[in-house]
Amino acid sequence: MDQEITLRVDGEEHTLTVDTRTTLLDALRERLGITSAKKGCDHGQCGACTVLLDGRRANSCLVLAVAGVGAEVVTAAGLADGDELHPMQRSFISHDAFQCGYCTPGQIVSAVAMLREAEAGWPSVVSEDLDADEVVLDHGEIAERMSGNLCRCAAYANIVPAIAEVARS
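Scope of this entry: the structure provided in the associated data block. Because the structure is a prediction, the values reported are computed rather than measured. (Residues numbered from 1 in each chain as written. Predicted model: local features only at pLDDT ≥ 70, side-chain atom pairs only at ≥ 80, totals over all residues. Heavy atoms only, no water.)

## Observations concerning the overall build of the protein chain
If you tally the helices and strands in the protein chain, you get 6 helices and 5 strands. Taken over C-alpha atoms, the radius of gyration comes to 16 Å for the protein chain, in line with the 15 Å a tight globule of 169 residues would show. Across the 169 residues of the protein chain, 44% fall into the buried class. Pairs at least 24 residues apart make up 53% of the contacts formed inside the protein chain by residues separated by at least 6 positions. When the accessible surface of the protein chain is summed, it comes to about 8900 Å², and 48% of that surface belongs to carbon and sulfur atoms. Mean positive and mean negative side-chain charge positions of the protein chain (13 and 26 charges, respectively) differ by 6 Å. (Helix = DSSP H or I, 4+ residues; strand = E, 2+ residues; numbered from the N terminus. Rg over C-alpha atoms; globule rule 2.2 N^0.38 Å. Buried < 20%, exposed > 50% of the residue type's maximum accessible area, 1.4 Å probe, protein only. Contact = heavy atoms within 4.5 Å. Areas by Shrake-Rupley, 256 points an atom, 1.4 Å probe, with all protein chains shown as cover. Lys, Arg positive; Asp, Glu negative; His and termini not counted. Charge placed at Lys NZ, Arg CZ, Asp CG, Glu CD.)

In structure tokens:
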């Protein structure tokens, strides 16, 4: 069944007709030509398709496009302010935190959301004190919080330091 929907992506509204079974990822890539979210596993296991959905990270391959109606969708491309890169994007570049670059957009979006989650005091499975007022983003904490984003090229060694630099600023 087709349905006309309006998606707000990276600050712009787009009206399109989709089959109600279309994922947000497929609507972004195939219908709107927004390719910063990547199709990796198509099962929500790799994180290459991570976007912000109303400020929270989401695997866009698992979200139906119709569920995005009324929400603000932000892709890695939408994090930048015109030609001014987001601090996380700059940090990934300065730390050489990518190799082939395929997973990088999802990694960056996830890292931005992860920092917001930590700032809000959300504990993770490795947080020592679940009631702490402040989350300490050490190597283990960042690695755990980013564990839903996989890098097959082994850029992991530089991803955590790139995120840590932004977390400290």
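Moving on from the model shown.
## With respect to unusual backbone geometry
Even without glycine at this site, D10 takes up a positive phi of about 50 degrees. With a relative accessible area of 26%, D10 lands in the partly exposed category. A positive phi angle, close to 50 degrees, is found at D96, a residue other than glycine. Structurally, the position occupied by D96 is in the loop between α3 (87-94) and α4 (104-119). On the basis of relative accessibility, which here comes to 44%, the residue D96 falls in the partly exposed class.

## Quick look at the packing of α3 against α4
Two quantities define a packed helix pair, namely the angle between the axes and the distance from one axis to the other. The interhelical angle for the contact between α3 and α4, taken along N-to-C directions, is 125 degrees, at an axis separation of 10 Å. Here α3 is positioned oblique relative to α4, judged by the angle of their axes. The handedness of the crossing between α3 and α4 comes out as right-handed. Between α3 and α4, the contacting residues are M88, Q89 and F92 on the first element and T104, Q107, I108, A111, V112 and L115 on the second. Per-class residue counts for the contact of α3 with α4 are 6 nonpolar, 3 polar and no charged. (Axes fitted to C-alpha atoms, helices over the stretch in contact; angles between N-to-C directions. Parallel < 35°, antiparallel > 145°, perpendicular 65-115°, else oblique. Left-handed = near helix turned anticlockwise from the far one by under 90°. Nonpolar A, V, L, I, M, F, W, Y, C, P; charged D, E, K, R; others polar.)

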